[in-house]
Amino acid sequence: MNKETKYVVLKFNMNNKNLLSFFDDLFSSNRFEKEGYLIYQLDALKINKDYELASLVDLIKVDFNEDVKIFESCVFKDDEESLFNVIFDLYKKYVSKEYMNMSSLCMNIFEKDGRSKDLYIIRNIVVNIMKEENDLFTIAKAMYKNNLNVSKSANDAYMHRNTAINKLNIIKNKTGLNIQNFQDAFILYLFMTYKNWLCKLHNLFLFNCILNEVMVKYSLWNTKLHKQGGILWQL
C-alpha cells in the first residue's frame, strides 16, 4: 500500500539560514526545491490534527522579520507526484494570500476564472480521493440533507456519531476541505453534484445562481450564512 503524503509549499528568503533551520526542525521530513519554492513532503498519517500552518505567517514575521507564503495541499499517494505537480502549477497561477490551502485555492479559481476548467481538474482529484475510503460520500450526502448537522447525519447514514465524525475528519485531512465549514461544504457539494455544471460556469452570474439553488435546497439561507455568503461570494 502506498504511503500517503501531504505537501507543504513555502516561498521565503532561503538565504535566511535560521528560518530554513526552523522549517527543517518543524517538519522533520524530506524536502526539495522547485522553481524557487521549498517543498516539504509530510507523512499524512503523522500530521498533528491541531497543526495550524496559517498561524506560522504571523509568527515568522515577528520572530524572523521575514515574509513567507505557505500552501498546504491535499493528500497524495507516493506515486502521484504528477498530480501534485498539477496542483502546484494551479497554486502558482492563483496565489494571492500568504497562507492558502485547497479551499482558498478553489475560491480563487471561482473568482478569477469563470470558465472553471482549472476547478474541474481539482474536482477530479478530490472526488478520486473520496472514492478510496468507504462511506465518505455517504456521510457527506447525509450532511447536506441534514443542514450539516452531525448527529442527524450519522443517524441517516446508519453510523455511530463518533464514526461519522471520524469520516468527516478523513474528508478534511485528505481533501483539505472541511465539510463543517460553509465555504468548504459548498465547494465539495459542487464537486460531488455538479459535474456537468462545472464545465458550464462561464460567468459569475451562473455561479451565483448555483449558489442560491444550493442554499435554498439545503435551507442554508439564514441570517448568519447570508451575511457570510455576501462576503464570500460578493452577492
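A brief look at the structure comes next.

Procedures and definitions
- Residues numbered from 1 in each chain as written.
- Predicted model: local features only at pLDDT ≥ 70, side-chain atom pairs only at ≥ 80, totals over all residues.
- Heavy atoms only, no water.
- Helix = DSSP H or I, 4+ residues; strand = E, 2+ residues; numbered from the N terminus.
- Contact = heavy atoms within 4.5 Å.
- Areas by Shrake-Rupley, 256 points an atom, 1.4 Å probe, with all protein chains shown as cover.
- Axes fitted to C-alpha atoms, helices over the stretch in contact; angles between N-to-C directions.
- Parallel < 35°, antiparallel > 145°, perpendicular 65-115°, else oblique.
- Nonpolar A, V, L, I, M, F, W, Y, C, P; charged D, E, K, R; others polar.
- Phe/Tyr/Trp six-rings, centres within 6.5 Å; stacked < 30°, edge-to-face > 60°.
- Lys NZ or Arg CZ within 6 Å of the ring centre and 35° of its normal.
- Pairing = 2+ DSSP bridges.

Remarks on the overall build of the protein
Link 1 in the chain: Helices and strands together make up the secondary structure of the protein, namely twelve helices and five strands.
Link 2 in the chain: Taking contacts inside the protein between residues at least 6 apart in sequence as the whole, the part at least 24 apart equals 65%.
Link 3 in the chain: Of the roughly 12300 Å² that the protein leaves accessible, carbon and sulfur atoms contribute 47%.

As for the packing of helix H5 (residues 117-131) against helix H9 (residues 182-193)
Link 1 in the chain: Packing of H5 against H9 brings their axes to within 9 Å, and their N-to-C directions diverge by 85 degrees. When the interaxial angle is binned, H5 and H9 end up roughly perpendicular. Packed against H5, whose contacting residues are Leu119, Ile122, Arg123, Val126, Val127 and Met130, the element H9 presents Leu188, Phe191 and Met192 at the interface.
Link 2 in the chain: Within the contact of H5 with H9, the residues separate by chemical class into eight nonpolar, no polar and one charged.

Thoughts on the packing of aromatic side chains
Link 1 in the chain: Following the criterion strictly, the structure yields 14 aromatic pairs and no others.
Link 2 in the chain: Taking the ring centre of Tyr37 as reference, the NZ or CZ of Lys11 above it sits at 4.7 Å.

Observations concerning the pairing of strand S2 (residues 30-34)
Link 1 in the chain: As judged from the five bridges shared by S2 and strand S3 (residues 37-43), these two strands associate in the antiparallel manner. From the neighbouring strand, Arg31 faces S3, where its bridge partner is Tyr40.
Link 2 in the chain: Between the end of S2 and the start of S3, which pair antiparallel, lie two residues, with Glu35 showing a positive phi angle near 55 degrees.

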